[in-house]
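Coordinate analysis (summary)
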Amino acid sequence: MGLCNDIVRRRELLGMLIRRNLKIRYKNSALGFLWTLLAPLSLIAIYALFLGLMRFPVRLPMLVTGIFVWQYLAMCLGDSLHAIVGHGNLVKKAAFPRIILPLAMALANLTNFLLSLIVVGVYLAFAGASLPHLGWMPAVVLTHLALSVGVSLLLSSLNVFFRDLEHLLSVLTMAWFFATPVIYSLEEVAGRFGAGWMTAYFANPMAGIVTVYRHALVGAPLPGGTALALSFAVAWMVLVAGVVIFQRLQPRFAEHL
Amino acid sequence: MINEPCVITVESVSKRFRLRAPGGQTLKSAALDMLRAHRKREDLWALRDISFRVRAGETLGIIGANGAGKSTLLALLAGTMQPTTGRIQVRGTISSLLELGAGFHPDLTGRENVFLAGAIMGIPQRRMRERYAAIVDFAGLEGFMDQPVKHYSSGMYIRLGFAVAVEVDPDVLLIDEVLAVGDAAFQRKCLQRMGEFRRRGKTMLIISHDLAAIQAVSHRILFLDHGRIMGDGEPSEIIGQYEAFWRRQNSQDLRREWGTKDVVITRVEFMDQSGRPCERFDWGEAVTIRIHYEARRPVENPVFGFAVCDEQGRLVHGNNTQNEGVRLARIEGPGVVVLRLGSLDLARGGYLFSFSVHSWDHRVNYHRLDNHFPIAVDCDKPFEGCCYIPCEWAVPGLHPGGQEKGAGPCT
C-alpha cells in the first residue's frame, strides 16, 4: 500500500510524464494522432487483403476491433523495453518511485488507445454495428490496462538485467498474436476443440479481453463464464506478478544502467 | 553549529557492486551461468563501513581520487542507489546537482523541462510557477525558454540545470564536481549562490577535485580512499593529510633502490632549523639532513650525492660532495654525513629527495635510493615555476615613497 501512496504523492510527476510521452509521440503536430492510427489501419488493410485472397471469411468490424485492441498491448510490449533503460540518466541521477516510468508509458498509450477507440466506434456505427453491450466497456478496459501494465512492469525491469530480451520478445509477441482471436473469431476456433481445451485457450488473458470487446462493440457471443473468469483472473494476476517482481528488482536499477 | 540537529546520518554503510563481463548480462549468459557449478563473479566494494553525520547548516566537502567512492556516496544520499549494508537517514528535501539536466528531454522546450525537472524532484507545480521567473533569470536564458533544449549549447543546458537545482530551495544540496563547468562568470555566480545558501543555514555536500575551492567553501572535509574514510575534520588539516597521502603514493611509484651495497645508506633524517625531525618545511627555511651509512668493507674516496625532484619526478636540483670539493678519503663501518641546505626556495608542493653513494670515478654505484624521501613545502610567496630565484625590482626615476621594496610578484 506504501507503493500506492508513493504514486499518489507523485501524481504530478506521473501526469507530466504521461503528457510528455504523448507530446513526444505527436511531436506537437496536428496530424500526430492520425499518424498513430496509421499502423493499425495498415495492419487491417493487409490482413483483410490477405485473408480475402486466401478465401477466409473476413468480417471487417471484427477484424478492426481485434487489431485496435491488440495494438494497445503491442505498443506497451514494445515501449516497455525502453521505459527504464531509455531513462538511464534519470534513474541514475534522481530518486523517485521507478514504477512511475512504465506506468506513465502504459497510461500514455492508454490515452492514445481510448482516442482511437472513439474512431473505431464511429466507424462501427457507420458500418451498421449498434455497439450493443457498452456496459462491459469499463470492466474490460480496466482488465486490459491491468494486463498491459503488468506485462510492461515485467519487461521493463527484466530488460535492465537481460538486454537480449528484445530478440526473444519479437518471437513471443508473434506467438501471442496468433494465440489470440485477432484475425480470426472465436467461432472458428470453437468448432475444432473440445470444451476442456476451449477453457485452457482462455488462460491466454487476451483471448477473453478481445472477445469481450467484440461482445461490447459488435455483439459477438460471449464464451462461458468459467473461460471468461479465467482470462480476467490471469490478467490481474499478471499485474500482481509484475508489481512484485518490479519492486524486487528496482533497487538495483541504478547500478545496472 | 555543534548544537544543530543532524540532517544526514550515515551509519556503517557499505556498498558492493557486482562486476560483470563487458556488455552486461544476457539471458543467454544467465542460462549458461546456471549450468556452471562455479559462477565467476567479482565484487567491488565501492564503500566500506562509512559512518559520519552532517549537522544542519554545515558544508561538507568530499575529496578523494577517482574511484574513491565519492559519487557512490552522493548517489546513496540522493536515494538513487541503496546501500548493501548499513543505514542512511536524511531529513528534509534533498536536491542534487548530480542531476544537472538529467531529467531534461531534448524534444521538450526549456520551459517544459523546468517543470518536468521540478516534478522529478518532487516540487509542487505551484511552487515551480512561483520560482519560474527566478530560474530563467539565474540561468540567463530569457528568450530561449520556448525552444527545445536540443538546440541549446552544453553551457546553456548546464546553466538551466543548475538554476533549477538551486532555485527549488532544498534543505540539502548535493553538488558533484560542478565547480568545473560553465564559463568563469557563471562559476562566480554559482559560488556566490552557494555562499548565500550557506549563510541561510542550508546544508551542502560538495565533491570537487579543486582543493583550493573546496577548502574555501567547506566547514569540514571528508577524505575517502578506496571506499574508506581516511580523514574527517577541519579543511586545512584534511587537505594537508590528503596531499601528504598522495605524496607517499606518488613516491611509491618513482621509488627505486639499487647498487652494489658495499656502502649502504641506512637512514636519513630531515631536521628543521631547531634540530627537530620534520617532513614539512616553510619556504626559505634552512634544512639539515643527516645521512647515516654503513661501509661493509673499506672504501676509498666515496662520493655522497643528493637530488630533489618534484612530484612528477622532474629533477629540480642535484649535487654531490665531489662537486662541492669535499673529499672523504676512506670510510669503514657506520658513519654519518651531514648535508645543510641554506634556504629551501621552492614553490608550494611535494618534493622527493634521492641520495646516493658512488665511487669517485662514477663507475660503481654503491647504493642509490631514488625518490625515497618525500617532503612538503609550504609557500605563501607568490611566484611562478617550482624554484624561487631571489630578486629585487627597481624602477629608476620613480619616487621611492609609494613603493614597498620587493613586494611585487616576481613574474
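Please read these numbers as outputs of a predicted model, since none were measured by experiment.

1. Comments concerning the overall build of chain A
- What chain A contains, in helices and strands, is 13 helices and zero strands.
- Computed over C-alpha atoms, the radius of gyration of chain A comes to 19 Å, within 12% of the 18 Å expected from 2.2 N^0.38 for 257 residues, which places it in the range of a compact globule.
- Principal-axis analysis of the C-alpha atoms gives chain A an extent of 55 × 45 × 35 Å.
- With 257 residues in all, chain A has 53% of them scored as buried.

2. Considerations on the overall build of chain B
- Along the backbone of chain B there are eight helices and 18 strands.
- Going through the 411 residues of chain B one by one, you find that 46% of them count as buried.
- When contacts within chain B are restricted to residue pairs at least 6 apart in sequence, long-range pairs at least 24 apart make up 73% of them.
- Carbon and sulfur atoms provide 49% of the accessible area of chain B, an area that totals close to 21,300 Å².

3. Overview of the interface of chain A and chain B
- Listed per partner, the contact involves 28 residues of chain A and 32 residues of chain B.
- Overall, the association of chain A and chain B removes approximately 2,400 Å² of surface from exposure, summing both partners, and the carbon and sulfur fraction of that is 62%.
- Three residues, Met16, Lys93 and Glu255 of chain A, lead the burial of chain A against chain B; their summed loss comes to 22% of the area buried on that side.
- In this structure, the salt-bridge partner of Lys23 of chain A is Glu112 of chain B, at a minimum N-O distance of 2.6 Å.
- For the interface between chain A and chain B, the tally reads six residue pairs in polar contact (both at pLDDT 80 or more).
- Elements with a contribution of two residues or more to the side of chain A that touches chain B: helix H2 (11-26), helix H5 (88-93), helix H8 (165-178) and helix H13 (253-256) of chain A.
- Counting residues per element, the side of chain A that touches chain B draws most heavily on H2 of chain A, which supplies seven residues.

4. Describing the domain arrangement of chain B
- Along its sequence, chain B is organised into domain 1 (6-22 + 41-247) and domain 2 (262-378).
- In this structure, domain 1 of chain B and domain 2 of chain B have C-alpha centres spaced 46 Å apart.

5. A few points about the confidence of the model for chain A
- Summing up the model confidence of chain A, the mean pLDDT is 90 and the portion of residues at 70 or higher is 98%.
- Across chain A, the secondary-structure element scoring lowest on mean pLDDT is helix H9 (residues 186-190) of chain A, at 78, and the one scoring highest is helix H7 (residues 137-161) of chain A, at 96.

6. Focus: the pattern of salt bridges
All names here are of chain B.
- A full pass over the atoms with the stated rule returns 24 salt bridges over all chains.
- Between Arg193 and Glu196 there is a salt bridge whose closest N-O contact spans 3.6 Å. One end of the pair, Arg193, and the other, Glu196, are both in helix H6 (residues 184-199), three residues apart, so they sit about a helical turn from each other.
- Overall, the relative accessible area of 31% leaves Glu196 in the partly exposed class.
- One network of salt bridges, with partners in common, ties together Glu243, Arg280, Arg348 and Asp378.

7. Things to note about the sheet that holds strand S1 (residues 6-19) of chain B
Residues and elements named next belong to chain B.
- Overall, antiparallel pairing links the three strands, which are arranged S2-S1-S4 in an open sheet. Strands with a single pairing partner mark the edges of an open sheet, and in this sheet they are strand S2 (42-55) and strand S4 (85-90). Put simply, the sheet's adjacent strands are angled 20° from each other on average, direction ignored.

8. Description of the nonpolar core
- Ranked by size, the top nonpolar core spans 133 residues in total, and within it Leu147, Met206, Ile209 and Tyr213 of chain A together with Leu160 of chain B carry the most contacts.
- If sequence neighbours within four positions are ignored, Leu147 of chain A has contacts with Leu73, Trp176, Pro205, Met206, Ile209, Ala235 and Val238 of chain A.

9. Some remarks on the state of the cysteines
Residue and element names in this part refer to chain B.
- For the structure on display, the rule yields zero disulfides over all chains.
- Cys278 carries a free sulfur, and the closest cysteine sulfur to it, the one in Cys379, is 15 Å from it.
- Of the residues examined, Cys278 reaches a relative accessible area of 18% and is grouped as buried.
- Cys309 forms no disulfide, and the closest cysteine sulfur to it belongs to Cys386, at a distance of 10 Å.
- Taking relative accessible area as the criterion, Cys309 reaches 8% and is therefore assigned buried.

Rules behind the numbers
Residues numbered from 1 in each chain as written. Chains lettered and ligands numbered in written order. Predicted model: local features only at pLDDT ≥ 70, side-chain atom pairs only at ≥ 80, totals over all residues. Heavy atoms only, no water. Helix = DSSP H or I, 4+ residues; strand = E, 2+ residues; numbered from the N terminus. Rg over C-alpha atoms; globule rule 2.2 N^0.38 Å. Buried < 20%, exposed > 50% of the residue type's maximum accessible area, 1.4 Å probe, protein only. Contact = heavy atoms within 4.5 Å. Areas by Shrake-Rupley, 256 points an atom, 1.4 Å probe, with all protein chains shown as cover. Buried area = accessible area lost by both parts, 1.4 Å probe. Salt bridge = Lys/Arg side-chain N within 4 Å of Asp/Glu carboxyl O. Polar contact = N/O pair within 3.5 Å; in protein donor to acceptor, adjacent residues only side chain to side chain. Domains from an automatic or database assignment. pLDDT = per-residue confidence, 0-100. Pairing = 2+ DSSP bridges. Axes fitted to C-alpha atoms, helices over the stretch in contact; angles between N-to-C directions. Core = buried A, V, L, I, M, F, W, Y, C linked by side-chain atoms within 4.5 Å. Disulfide = S-S within 2.5 Å.

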